[in-house]
Amino acid sequence: MSKQLARLRVLPGLVFAAFFLASCATVPFTGRRQLSLLPEAELTAMSFDSYREVLDGVKLSDDREAVEKLNRVGRRIAAAGEDLLREWGQERRLNNFSWEFNLIDDDETVNAWCMPGGKIAFYTGILPLTKDEAGMAVVMGHEVAHALANHGNERLSQLIMLELGMVTLSEALRNEKETTQMLAQMAFGLGGVVGVMLPYSRRHEYEADRIGLVLMAMAGYDPRAAVDFWGRMEELSGDASFDFLSTHPATGKRIRDMNRFMPQALEIYYRH
């Protein structure tokens, strides 16, 4: 067996061994084990800097009523998120959260996001779709769920592992013909994106939907508002029947997934 072939067989095993040894974090509520290589405190510190940079480059809304509504919903969802972390024995993670809610004056952008550590931005373009506090809580719960589930850390950790895999592959093939190296690296890259990154992204979206319903329910918002909101989103954007290469699941699929989980979410809602 050539030394190059030996490397090809041994090095991937080392990569996957490191992967499983590092997979020690648990997503609150779903209990899913996840890869989390980066210290959360460092990740949130970087996200806080990025948040300030974003805000420096945009105009914030001066609509006092909308801003107050955003902060009111945000505080309730954030409090529910903190309670969820406590229930799952993750109180120590609360030190990494510093909640902030800002409304960006941009009617053309239908979007909202939450950075690691609880820095949140809504765009005014999404408000016609949220309609009321319950609709805003749908979006807020979903975005906060990404932060609580540490999805940003997991995505970056996956990229680190893919990069490590590419490095080991390059080392194993360094004495092969240039064409062989190029084709192998292209295949590895495509396999990583289609086989790892995109499915995890869709998993993250479904997971954030589910945790978001829980946060809504714990915060006193009827989780059934989520189905109404995504129905409005579907009417606006249409639904894609082929989402294999999409980072977000098709709207119809996520609505069906929410409806399957709705009885459990409603049980939490009535209990609170």
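Scroll up to find the structure.
In what follows, the accompanying structure is described.

A word on a negative patch on the surface. Among the surface-exposed residues, Asp62, Asp63, Glu65 and Glu68 lie close enough to one another that they form a single negatively charged patch. Take Asp63: it is sitting in the loop between α2 (40–56) and α3 (64–87).

With the rule as written, the count across this model stands at one cavity of 30 Å³ or more. Here the largest cavity defines a volume of roughly 50 Å³. Taken together, Val138, His142, Asp209, Gly212, Leu213, Met216, Ala226, Trp230 and Met258 make up the lining of the largest cavity. Contributing elements (two or more residues each) for the lining of the largest cavity: α5 (133–148), α7 (178–218) and α8 (225–237). A total of four residues in the lining of the largest cavity trace back to one element, the largest contributor, which is α7. Its residues placed into classes, the lining of the largest cavity shows six nonpolar, two polar and one charged.

The next point concerns the packing of α3 against α5. At their nearest, the axes of α3 and α5 sit 9 Å apart, and the two run at 40° to each other. When the axes of α3 and α5 are compared, the pair comes out oblique. The way α3 lies across α5 gives a crossing that is right-handed. Residue-level contacts link Lys69, Leu70, Arg72, Val73, Gly74, Arg76, Ile77, Gly81, Leu84 and Leu85 of α3 to Glu133, Met136, Ala137, Met140, Gly141, Val144 and Leu148 of α5. Its residues assigned to classes, the contact of α3 with α5 shows 10 nonpolar, three polar and four charged.

Ranked by size, the top nonpolar core spans 53 residues in total, and within it Ile77, Phe122, Met140, Leu215 and Phe229 carry the most contacts. Secondary-structure elements contributing two or more residues to this core are α3, β3 (100–104), β4 (112–115), β5 (119–123), α5, α7, α8 and α9 (251–271). Of all the elements, α5 adds the most residues to this core, at 10 residues. By size, the runner-up hydrophobic cluster in this structure holds seven residues, among which are Leu55, Trp113, Met115 and Tyr123.

Definitions and cut-offs
- Along each chain, the written sequence defines residue order, and numbers are assigned to residues from 1.
- Only residues with pLDDT of at least 70 are given local features in this predicted model, and only at 80 or more are side-chain atom pairs given and counted; all residues enter the totals for whole chains, interfaces and linings.
- Computation of side-chain values: all heavy atoms of the structure, hydrogens and water removed.
- Each patch is built from residues lacking any salt bridge and having more than 30% relative accessible area; the joining distance is 9 Å for like charges and 5 Å for nonpolar side chains (Val, Leu, Ile, Met, Phe, Trp, Tyr).
- Method for areas: the Shrake-Rupley scheme with a 1.4 Å probe, in which residue coverage is limited to the protein chains shown.
- For this document, the term salt bridge refers to a Lys or Arg side-chain nitrogen within 4 Å of an Asp or Glu carboxyl oxygen.
- Charge counting treats Lys and Arg as positive and Asp and Glu as negative, with His and both chain ends excluded.
- Taken as the charge centre is NZ of Lys, CZ of Arg, CG of Asp or CD of Glu, depending on the residue.
- Segments assigned H or I by DSSP are reported as helices when at least four residues long, segments assigned E as strands when at least two residues long, and all are numbered from the N terminus.
- Only protein atoms enter the 1 Å grid, on which a cavity is a set of points fitting a 1.4 Å probe that cannot get out and a pocket is an open set with protein on both sides within 12 Å along at least 5 of 7 lines, lining residues being those with an atom within 4 Å of a point.
- Grid points are joined across faces, edges and corners, and a volume is the space filled by probe spheres set on the points.
- Think of it as three bins: nonpolar holds Ala, Val, Leu, Ile, Met, Phe, Trp, Tyr, Cys and Pro, charged holds Asp, Glu, Lys and Arg, and polar takes everything else, Gly as well.
- Every axis corresponds to a line fitted to the C-alpha atoms, with the helix fit spanning only the stretch in contact, and the corresponding angles, defined between N-to-C directions, vary from 0 to 180 degrees.
- In what follows, roughly perpendicular refers to angles from 65 to 115 degrees, roughly parallel to angles under 35, roughly antiparallel to angles over 145, and oblique to any angle outside these ranges.
- In this scheme the crossing of two helices becomes right-handed for a clockwise turn of the near helix relative to the far one and left-handed for an anticlockwise turn of less than a right angle.
- Contacts between residues were defined by any pair of non-hydrogen atoms, one from each residue, lying within 4.5 Å.
- Put simply, a nonpolar core is a bunch of buried Ala, Val, Leu, Ile, Met, Phe, Trp, Tyr and Cys residues held in one set by side-chain atoms that sit within 4.5 Å of each other.
- Accessible area is worked out with a 1.4 Å probe on protein chains only. A residue is then buried under 20% of its type maximum, exposed over 50%, and partly exposed in between.

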